[in-house]
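Commentary on secondary and tertiary structure
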Amino acid sequence: MKIDIVSIFPEYLAPLNLSLVGKAISDGVIDLNVHDLRSVTSDKHQTVDDSPYGGGPGMVMKAEPWGDLLDQLVTQDSVLVVPTPSGQHFTQTMSAELANESHLIFACGRYEGIDSRVMQHFASRIKVREVSIGDYVLAGGEAAVLVIVEALARLIPGVLGNSESAVDDSFAEGEMANLLEGQVYTKPPVWRDLEVPEVLRGGNHAAIAAWRRASAQARTAQYRPDLLSDSE
């Protein structure tokens, strides 16, 4: 997969070179490039924003630099992803959809956002997805891109050492869909007088599977009851 990220703070994306995503980049599974939006400006102040039409506080990112840089990156296979609190809710399902694309371009907005004509124009050429990672507002799109890229990268074949690791994740598809992941344990069997549940040490795989589902249901009921069906 090829990933291009456009930002006025390219250093913000440095954590992507660490851990699983960093290894995937080193191994050539992911081709990731970060671009500085200011590199296509022509004035001495490298201006990327201006006051909004209609008045109001803050500044809006100008269409010209975005258009000039995106023109250099866009191909017929590209998908433009724009993090914004007014976008579609980011989910594990969307993560899997993005992981199946061959080329993602992330546009990291700042201030009051990017001139809406940028998304309107490129939507006539390629697929554009405006995405929100939660019901809150960040200073810019960079932190959201870190979240989205890490979430989708785990679903790209060859990124996880064990592909089964993603199967039982919270919000994964299949039998555990719409359930948070339940409690997990490792050695030692007793720590500070707290014991690992006996069922997990017994070797009965059917009983273990039933316990894990019950644990997931209990945790979901506690933290996200909105995800449970009436039967659960």
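Throughout what follows, the structure given in this document is the object of discussion. Position numbers for residues count from 1 along each chain, tracking the sequence in the order it is written. Owing to the predicted nature of the model, reporting of local features is limited to residues with pLDDT of at least 70; listing and counting of side-chain atom pairs is limited to 80 or more, with chain, interface and lining totals taken over all residues. Just so you know, side-chain values use all the structure's heavy atoms and leave hydrogens and water out.

Quick notes on the overall build of the protein chain
Counted only if it meets this: Helix numbering and strand numbering both begin at the N terminus, where a helix is a DSSP run of H or I of at least 4 residues and a strand a DSSP run of E of at least 2. Buried residues are those whose accessible area, probed at 1.4 Å on protein chains only, stays under 20% of the maximum for their type, while exposed residues exceed 50% and partly exposed ones sit between those limits. For every accessible area listed, the method is Shrake-Rupley and the probe measures 1.4 Å; residues are considered covered only by the protein chains on display. Charge assignment in this entry is limited to Lys and Arg as positive and Asp and Glu as negative, and neither His nor the chain termini are counted. Charge positions come from single atoms, namely NZ of Lys, CZ of Arg, CG of Asp or CD of Glu.
Assigned secondary structure in the protein chain consists of six helices and nine strands. Considered along the principal axes of its C-alpha atoms, the protein chain spans approximately 70 × 40 × 35 Å. Across the 232 residues of the protein chain, 38% fall into the buried class. Looking at the protein chain as shown, the accessible area adds up to about 13500 Å², and 50% of this sits on carbon and sulfur atoms. In the protein chain, which carries 18 positive and 32 negative side-chain charges, the distance between the mean positions of the two groups comes to 3 Å.

Things to note about the sheet that holds strand E5 (residues 78–89)
Each strand in a sheet pairs with its neighbour through backbone hydrogen bonds, running either in the same direction (parallel) or in the opposite one (antiparallel). Cut-off, in case you're wondering: DSSP bridges decide pairing: two strands pair if at least two such bridges lie between them. Orientation is described by lines fitted to C-alpha atoms, with helices fitted over the stretch in contact, and by angles between N-to-C directions that extend from 0 to 180 degrees. Any two residues whose heavy atoms approach within 4.5 Å are treated as being in contact.
Spatially, E2-E1-E6-E5-E7 is the arrangement adopted by the five strands of the open sheet, whose pairing is parallel. Whereas interior strands pair on both sides, the edge strands pair on one side only; in this sheet they are strand E2 (31–36) and strand E7 (127–132). For this sheet the average axis-to-axis angle between neighbouring strands, irrespective of direction, equals 25°. Bridging between E5 and E7 involves seven bridges; their strand directions are parallel. Across the sheet, the residue bridging to Val82 is Glu130, located in E7. Of the strands in this sheet, E5, strand E6 (103–107) and E7 are in contact with helix H3 (residues 92–99), which crosses E7 at around 150°.

Quick notes on the side chain of Ser7
Rules: In the analysis that follows, any N or O atom pair within 3.5 Å is treated as a polar contact, provided that within protein one partner can donate a hydrogen and the other can accept it, and provided that, for residues neighboring in sequence, both atoms belong to side chains.
Summarising the element assignment, Ser7 is placed in strand E1 (residues 2–7). A polar contact of 2.6 Å, which involves the side chain of Ser7, links it to the side chain of Glu142. Not counting residues up to four positions away in its chain, the partners in contact with Ser7 are Leu13, His35, Asp36, Leu37, Cys108 and Glu142.

Side note on unusual backbone geometry
Residue Pro188 follows Lys187 across a cis peptide bond; omega there is 5°. Examined against the element boundaries, Pro188 turns out to sit in the loop between helix H5 (142–153) and strand E8 (190–191). If you check the backbone angles, Gln46 has positive phi at about 50° while not being a glycine. Given the relative accessible area of 36%, Gln46 is considered partly exposed. A positive phi is found at Arg192, a non-glycine position, where the angle reads about 50°. Along the polypeptide, Arg192 turns up in the loop between E8 and strand E9 (194–195).

A short note on the pairing of E1
How we decide: Here the term right-handed applies to a crossover when the path leading from its first strand over the helix to its second strand runs clockwise, the strands being oriented away from the viewer.
Buried residues dominate E1, accounting for five of its six residues. Note: E1 against E2, six bridges, orientation parallel. Residue Lys2 lies in a different strand from E2, and its bridge partner there is Asp31. With helix H1 (residues 19–26) bridging E1 and its parallel neighbour E2, the resulting β-α-β unit is right-handed. In the sheet, E1 pairs with E6 via five bridges, with the strands oriented parallel. Bridging from a neighbouring strand, Ile5 pairs with Phe106 of E6.

Read these as layout, nothing more, since geometry by itself doesn't imply function.
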